[in-house]
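Residue-level structural notes
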Amino acid sequence: MSGPETKRVLLAKPRGYCAGVDRAVEAVEQALDKHGAPVYVRKQIVHNVHVVQTLSERGAIFVDEADEVPPGSIVVFSAHGVSPAVRDQAKERELRTIDATCPLVTKVHGEVKRFAREDYDILLVGHRGHEEVEGTSGEAPDHVQLVDSVADVASVTVRDPEKVVWLSQTTLSVDETMQTVEALRERFPTLQNPPSDDICYATQNRQVAVKAMAPRCDLVLVVGSANSSNSVRLVEVALAAGAGASYLIDYARQIDDSWLDGVRTVGVTSGASVPEVLVRGVLDHLAERGWGEVEEITTAEETLTFALPRELRPSRVAR
């Protein structure tokens, strides 16, 4: 039984890889196995330094745009999705494409196309410059306005206040998104909701687990990369939920010993693009310093899986 002075770790569950990330990373691995190196990937396949480095060592070449890929080569589109303009560019260069876009992002793209056909103004809640937002907006740039935060709401203009819908980037903070939506609804009372929830199940589940854990933690360590939207949000959620402090790290070696001064309970979680090996490294690092007792805080069980992109599925043999 733990006493008040016992050093312990609370380990959030769910954490780490979601179904969309698992599918995207496996898509690059399978493409390398099937076609050999190099396989080109537009943007980072997922936003994680370790994953990108590991795949680079296997022969994946990451590029910013499709026009950097030699004509006729294989290119994988990242989990964050691409705009029709990128697909057209790939077609012009006769690239062999493998689409690793997360199916939940593809769903939002479909919603944009549907509401654009119905001539709605679409208010996309998301972070300016994020790859997912660029791909989603690109489906109907004349209909989509980006709303980055509550501060942007005052400058939104629409053609018909009766034909406005909000959609969102899949990796946002649920609470912050709803604050933005409430501000939008004050301006546009008949604002329509997405046909189904746009913020992905994994993003929500990881935030719920952190909220359950954070009030008991002097420190929460979030394993994830700085360009990972959902990982950055976990730090914010931990602090808002009552954690004494919270930091984002890629590797255990980035833990500053001063963070642990006076700390009894350390919470650990990881973003949706983080392999479990990195979390294990953090737990080992903490155990070496006296935080050997680990209690898992479980708020949901995840069983969802996605099939590989069709370009990588075994072809059916005709009978």
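Residues numbered from 1 in each chain as written. Predicted model: local features only at pLDDT ≥ 70, side-chain atom pairs only at ≥ 80, totals over all residues. Heavy atoms only, no water.

**Re the overall build of the protein**
For the record, the criterion: Note on conventions: DSSP H or I runs of at least 4 residues are helices, E runs of at least 2 residues are strands, and numbering of each starts at the N terminus. It is over C-alpha atoms that the radius of gyration is taken, and the globule rule equals 2.2 Å times the number of residues to the power 0.38. Throughout, a contact is declared for two residues whenever any of their heavy atoms are within 4.5 Å. Method for areas: the Shrake-Rupley scheme with a 1.4 Å probe, in which residue coverage is limited to the protein chains shown. For the charge count, each Lys or Arg is scored as positive and each Asp or Glu as negative, with His and the chain ends excluded. Lysine's charge is taken at NZ, arginine's at CZ, aspartate's at CG and glutamate's at CD.
Across its full length, the protein carries nine helices and 12 strands. Against the globule reference of 20 Å for 319 residues, the protein gives a C-alpha radius of gyration of 21 Å, in line with a compact fold. Viewed in the frame of its principal axes, the protein has a C-alpha envelope of about 65 × 55 × 40 Å. Considering only residue pairs separated by 6 or more positions, the protein has 76% of its internal contacts joining residues 24 or more positions apart. Surface accessibility of the protein: about 14600 Å² in total, with carbon and sulfur atoms responsible for 49%. Of the charged side chains in the protein, 34 are positive and 48 negative, and the gap between their average positions amounts to 6 Å.

**Focus: the sheet that holds strand S12 (residues 293-298)**
As a reminder of what qualifies: Two strands form a pair only when DSSP identifies at least two bridges running between them. Angles run from 0 to 180 degrees between N-to-C directions of axes, and those axes are lines fitted to C-alpha atoms, restricted for helices to the stretch in contact.
Pairing is parallel across the open sheet formed by five strands, whose spatial order is S10-S9-S11-S1-S12. Either end of the sheet is taken by a strand with one partner, and the two such strands are strand S10 (246-249) and S12. Adjacent strand axes in the sheet meet at a mean angle of 25 degrees, parallel and antiparallel pairs treated alike. In this sheet, strand S11 (residues 265-270) lies alongside strand S9 (residues 219-223) in parallel orientation, the contact comprising five bridges. Across the sheet, the residue bridging to valine 223 is serine 270, located in S11. Where helix H8 (residues 229-240) meets the sheet, it contacts S9, S10 and S11, and its direction lies at approximately 165 degrees from that of S10. Of the strands in this sheet, strand S1 (8-13), S9, S10 and S11 touch helix H9 (residues 276-288), which is tilted by about 165 degrees from S11.

**Brief notes about helix H6 (residues 174-187)**
As a reminder of what qualifies: Multiplying 1.5 Å by the residue count of a helix minus one yields the expected span of that helix. We call a residue buried when its accessible area falls under 20% of the maximum for its residue type, exposed when it is over 50%, and partly exposed in between, using a 1.4 Å probe and counting protein chains only. What the arc measures is the spread of directions leading from the helix axis to the C-beta atoms.
Taking 1.5 Å of rise per residue, the 14 residues of H6 would be expected to cover 20 Å, and the 20 Å separating its terminal C-alpha atoms lies within 8% of that figure. Those residues of H6 lying buried are Thr177, Thr180, Val181, Ala183 and Leu184. Angular distribution of buried residues about the axis of H6 spans 160 degrees; they occupy a single face of the element. Taken together, the buried residues of H6 touch strand S6 (121-125), strand S7 (144-147) and strand S8 (164-168).

**What to know about the pattern of salt bridges**
We count it as follows: When a carboxyl oxygen of Asp or Glu lies within 4 Å of a side-chain nitrogen of Lys or Arg, that pair is called a salt bridge.
Across all of its chains, the model carries 22 salt bridges by this definition. Measuring nitrogen to oxygen at the nearest pair gives 2.9 Å for the salt bridge that ties arginine 15 to glutamate 276. On the criterion of sequence distance, the pair formed by arginine 15 in the loop between S1 and helix H1 (19-35) and glutamate 276 in helix H9 is long-range, its members being 261 residues apart. The class for glutamate 276 is partly exposed, based on a relative accessible area of 29%. Each of Arg15, Glu276, Arg280 and Glu296 takes part in salt bridges that share partners, so that together they form one network.

**Some thoughts on the sheet that holds S7**
With respect to topology, three strands assemble into an open sheet ordered S7-S6-S8, the strand pairing being parallel. In this open sheet, the two edge strands, each paired with only one partner strand, are S7 and S8. If you compare each strand with its neighbour and ignore which way they point, the axes differ by 30 degrees on average. Here five bridges tie S6 to S8, and the two strands are oriented parallel to one another. Each residue of the ladder has a partner; that of leucine 123, found in S8, is tryptophan 166.

**A few points about the side chain of asparagine 205**
With respect to the helices and strands, asparagine 205 occurs in helix H7 (residues 201-213). A relative accessible area of 19% places asparagine 205 in the buried class. In this structure asparagine 205 touches Pro14, Thr299, Ala300 and Glu302, once residues within four positions along its chain are discounted.

**So, the packing of H1 against helix H2 (residues 49-58)**
To be explicit about the condition: Convention used here: angles under 35 degrees read as roughly parallel, angles over 145 as roughly antiparallel, angles from 65 to 115 as roughly perpendicular, and any remaining angle as oblique. Amino acids are sorted into nonpolar (Ala, Val, Leu, Ile, Met, Phe, Trp, Tyr, Cys and Pro), charged (Asp, Glu, Lys and Arg) and polar (every other residue, Gly among them).
Where H1 meets H2, the axes come as close as 11 Å, and the angle between the chain directions of the two elements is 5 degrees. Between H1 and H2, the interaxial angle falls into the category roughly parallel. Here Val25, Val28, Glu29, Leu32 and Asp33 of H1 lie close against H2, whose contacting residues are Val51, Leu55 and Arg58. Taken together, the residues that form the contact of H1 with H2 break down as five nonpolar, no polar and three charged.

This is a description of form; function is not addressed.
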